[in-house]
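Descriptive structure summary
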Amino acid sequence: MDSITVLMTSPMSDYLEKQLKDRFNLVKLWAYSPKTDFFKHNSHSIRAVVGNTKIGADAELIDSLPELEIVSSYSVGLDKIDLRKCQEKGIRVTNTPDVLTDDVADVAMGLMLAVTRRVCECDRFVRRGLWPKGDFRLTNKFSGMQVGIVGLGRIGSAIAKRAEAFGCPISYYSRSEKPETNYKYFSNIIDLAVNCQILVVACALTEETHHIVNREVIDALGPEGILINIGRGSHVDEPELVSALLEGRLGGAGLDVYENEPEVPEQLFGLENVVLMPHVGSDTVETTDAMADLVIKNLEAHFLKKPLLTPVV
Ligand SMILES: O=CC(=O)O
């Protein structure tokens with residue numbers, strides 16, 4: 001397949017890059033500056049795009065690649081791909097579901113424990129040599145806390161299963177009730193926020209879920225409530241989140257994602273009730289290799305005219 005040109009939109013994993021290079025004619029978008037040079041030399045040869053959570057395939061990129069057949073995303077989230085345009089143009093789209101579910105759910109649990117038990121603050125306390133001057137203050141018990149999940153898909157369900165093992169009553173909000181679970185369903189996110197202590201955002205980012213956590217939801221969660229976001233930054237109205245935390249209208253937050261990554265609102269840096277991670281939910285050696293393998297298998301299947309493993313479009 002080395003006559004097939006594949007475009008990688010940004011650096012992802014060395015392993016993926018090597019696997020792509022071994023099989024295809026690999027072109028790296030970030031190697032070209034200015035980008036016009038790239039389009040001048042390559043636009044008519046590219047048949048596949050490998051994008052990720054930073055740069056996917058927007059309308060402009062898709063329109064500039066007349067021979068594009070497939071977008072194989074190195075992510076489960078599809079918010080950086082213009083799916084409608086792909087559909088219109090008959091361009092196939094794949095993503096990397098399932099292989100990253102455990103890691104992302106593990107990070108959600110880590111954030112819940114870190115915020116309630118103040119793990120990062122405790123670590124800073126010890127490193128600063130403060131312990132000999134007095135014990136750390138009391139924290140809050142996580143086991144048994146009411147956990148509300150926004151989006152009970154693969155990742156939301158994996159979080160629910162883990163939190164259940166901590167004795168946490170689980171409730172959820174999603175577009176429709178899931179008859180296969182006994183978790184309490186709320187058809188309205190405000191009601192979910194009123195009825196839980198920790199609200200976890202685990203749904204896909206779409207036009208409908210953009211800023212699904214707004215001021216009303218944050219106020220419903222309240223000054224004792226905790227927000228965990230392992231979805232996308234734009235699920236949350238970030239300035240509202242920041243002001244709620246600064247004003248004490250929200251009890252705490254554990255965030256792996258932000259509205260303008262890699263920018264993180266600096267006002268959060270001084271808050272001890274906030275735990276910040278740099279969008280690393282699926283970033284383990286094991287999982288990133290599995291994601292890369294899935295990207296490759298989807299591309300190979302497409303060019304061998306076999307069924308795609310994880311088709312979206
Ligand atoms: O955020 C990670 C992903 O969408 O895979």
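Look above for the structure.
Residues numbered from 1 in each chain as written. Predicted model: local features only at pLDDT ≥ 70, side-chain atom pairs only at ≥ 80, totals over all residues. Heavy atoms only, no water.

Right, let's get into the site of the ligand. Surveying the vicinity of the ligand reveals the residues Thr 53, Ser 75, Val 76, Gly 77, Leu 100, Arg 232 and His 279. In the model, an oxygen atom of the ligand is placed 2.7 Å from a nitrogen or oxygen of the Arg 232 side chain. His 279 places a polar side-chain atom, nitrogen or oxygen, 2.7 Å from an oxygen atom of the ligand. Out of a free accessible area of 200 Å², the ligand has 89% covered by protein chains. (Near = heavy atom within 4 Å. Polar contact = N/O pair within 3.5 Å; in protein donor to acceptor, adjacent residues only side chain to side chain. Areas by Shrake-Rupley, 256 points an atom, 1.4 Å probe, with all protein chains shown as cover.)

Turning our attention to the sheet that holds strand E6 (residues 147-150). In spatial order, the strands read E8-E7-E6-E9-E10-E11-E12; together these seven strands make up an open sheet with parallel pairing. Two strands bound the open sheet, and with one partner strand each, they are strand E8 (184-186) and strand E12 (274-276). Neighbour-to-neighbour, the strand axes of the sheet open up by a mean angle of 20°, direction not taken into account. Pairing analysis gives four bridges linking E6 to strand E9 (residues 198-201), with the strands arranged parallel. (Pairing = 2+ DSSP bridges. Helix = DSSP H or I, 4+ residues; strand = E, 2+ residues; numbered from the N terminus. Axes fitted to C-alpha atoms, helices over the stretch in contact; angles between N-to-C directions.)

Attention shifts here to helix H10 (residues 238-246). Since there are 3.6 residues in each turn of an α-helix, residues three or four apart along the chain are aligned in direction. Taken together, the buried positions of H10 are occupied by Glu 238, Leu 241, Val 242, Ser 243, Ala 244 and Leu 245. The inward-facing, buried residues of H10 abut helix H9 (215-221), strand E10 (226-229), strand E11 (252-255) and E12. (Buried < 20%, exposed > 50% of the residue type's maximum accessible area, 1.4 Å probe, protein only. Contact = heavy atoms within 4.5 Å.)

If you check helix H5 (residues 101-116), its first and last C-alpha atoms are 23 Å apart, about what 16 residues at 1.5 Å a residue would give, namely 22 Å. With twelve of its 16 residues buried, H5 lies for the most part within the structure. Looking one or two residues beyond H5, the residue adopting positive phi is Arg 118, at roughly 55°. (Expected span 1.5 Å × (residues − 1).)

Let us now look at the sheet that holds strand E1 (residues 5-8). The parallel open sheet is built from five strands, whose spatial order is E2-E1-E3-E4-E5. Each edge of the open sheet is held by one strand with a lone partner, namely strand E2 (25-28) and strand E5 (92-94). Strand after strand, the sheet turns through a mean of 20° between neighbouring axes, direction not considered. Alignment of strand E4 (residues 70-72) against E5, held across three bridges, turns out to be parallel. Residue pairing across strands places Ile 70 opposite Arg 92, the latter belonging to E5. Helix H1 (residues 14-23) rests against E1, E2 and strand E3 (46-50) of the sheet, and its axis sits at about 135° to E2.

To continue, consider the packing of aromatic side chains. Here the structure, examined in full by the defined rule, presents six aromatic pairs. With centroids separated by 4.8 Å and ring planes inclined at 75°, the aromatic side chains of Phe 38 and Phe 39 adopt a geometry described as edge-to-face. By relative accessible area, which is 0% here, Phe 38 ends up buried. Between Phe 125 and Phe 136 the ring centres are 5.1 Å apart and the planes differ by 75°, which places this aromatic pair in the edge-to-face class. (Phe/Tyr/Trp six-rings, centres within 6.5 Å; stacked < 30°, edge-to-face > 60°.)

Geometric descriptors of this kind do not, in isolation, establish any biological role.
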